[in-house]
Amino acid sequence: LKEVDISGKIVDEEEGLGIFPTDTVFYPEKITSWLRGKEKLFNKEIEGYEIHRGITEKKGMVESFSKVYVQNEKEVDFEDGAVKDRVIGTYFHNLFHNYSFLKELFELVAERRKKRIGEIKPYSIDSEIEKIQEHFLRYLDPSKIMRYLE
């Protein structure tokens, strides 16, 4: 791992974890993008975002985690991440919000551990916020809060 300043001069250097044969350089500018692609473990469509300062280059034979084909609503064509044994490395955030991928991954892990899993339900942030709202409306008296604020 290397960090460079705006002029390209190396300002810090550390050993990585060594899981993947890769080099990562951290730059001052942050990359933020919305991505869509297809992961290669189960061939499922995925979407999420990337937010990082590092650029990672593979140094040898490394299987990519996914193929990205949309970045910020523009067509692209590049590989993302790496897979080795039971480890996935990726710049995709929100990966586990992709229900079909999450379901396949959990089923694979359960199968390898000879476990059974129950139904995996899709997660909805909106429904979770509604549950919190219902709880507050049931147990909170807004008029008392307003009196304390006056």
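Not measured: the values here are computed from a predicted model.

1. Here we look at the overall build of the protein
(1) Moving on: Helices and strands together make up the secondary structure of the protein, namely three helices and eight strands.
(2) Moving on: Scaling as 2.2 N^0.38, a compact globule of 150 residues should have a C-alpha radius of gyration of about 15 Å, whereas the protein reaches 21 Å, well beyond that.
(3) Moving on: The principal-axis extents of the C-alpha atoms in the protein amount to approximately 60 × 50 × 35 Å.
(4) Moving on: The buried share of the protein, reckoned over its 150 residues, is 20%.
(5) Moving on: In the protein, the proportion of contacts linking residues at least 24 apart, taken out of those at least 6 apart, comes to 52%.
(6) Moving on: Put simply, the protein shows about 11800 Å² of open surface, and 53% of that area lies on carbon and sulfur atoms.

2. Considerations on the pattern of salt bridges
(1) Moving on: Overall, the coordinates contain ten salt bridges when judged by the stated rule.
(2) Moving on: One salt bridge connects E45 with K38, and the closest N-O pair in it is separated by 3.4 Å.
(3) Moving on: One salt bridge in this structure joins K103 and E107, with 2.9 Å as the shortest N-O distance. Residue K103 and its partner E107 are located together in helix α1 (residues 99-112), separated by four residues, close to a single helical turn.

3. Thoughts on the packing of aromatic side chains
(1) Moving on: Scanning the entire structure with this criterion turns up two aromatic pairs.
(2) Moving on: Between the aromatic rings of F42 and F101, the centroid separation amounts to 5.9 Å while the plane-to-plane angle is 55°, which identifies the pairing as tilted. Remark: F101 occurs in helix α1 and F42 occurs in the loop between β3 (22-39) and β4 (45-58); sequence separation between them is 59 residues.
(3) Moving on: Taking the centre distance of 5.8 Å and the plane angle of 80° together, the rings of F65 and F101 count as edge-to-face. Of this pair, F65 sits in the loop between β4 and β5 (66-71) while F101 sits in helix α1, and the two are 36 residues apart along the sequence.
(4) Moving on: On the basis of relative accessible area, F65 is assigned to the buried category, the value being 0%.
(5) Moving on: For F101, a relative accessible area of 0% gives the class buried.
(6) Moving on: Grouping aromatic residues by their ring pairs yields a cluster made of F42, F65 and F101.

4. Re the side chain of D80
(1) Moving on: As for its position among the elements, D80 is in strand β6 (residues 74-80).
(2) Moving on: An unpaired buried charge is present at D80: no salt bridge exists, and K58, the closest side chain of opposite charge, is 8.2 Å distant.
(3) Moving on: A polar contact is formed between the side chain of D80 and the side chain of T90, at a distance of 2.4 Å.
(4) Moving on: Among the polar contacts made by the side chain of D80, one reaches the main-chain amide nitrogen of Y91 at a distance of 3.4 Å.
(5) Moving on: Contact partners of D80, with chain neighbours within four places excluded, come to S64, F65, S66, V68, T90, Y91 and F92.

Reading the values: rules and limits
Residues numbered from 1 in each chain as written. Predicted model: local features only at pLDDT ≥ 70, side-chain atom pairs only at ≥ 80, totals over all residues. Heavy atoms only, no water. Helix = DSSP H or I, 4+ residues; strand = E, 2+ residues; numbered from the N terminus. Rg over C-alpha atoms; globule rule 2.2 N^0.38 Å. Buried < 20%, exposed > 50% of the residue type's maximum accessible area, 1.4 Å probe, protein only. Contact = heavy atoms within 4.5 Å. Areas by Shrake-Rupley, 256 points an atom, 1.4 Å probe, with all protein chains shown as cover. Salt bridge = Lys/Arg side-chain N within 4 Å of Asp/Glu carboxyl O. Phe/Tyr/Trp six-rings, centres within 6.5 Å; stacked < 30°, edge-to-face > 60°. Lys, Arg positive; Asp, Glu negative; His and termini not counted. Polar contact = N/O pair within 3.5 Å; in protein donor to acceptor, adjacent residues only side chain to side chain.

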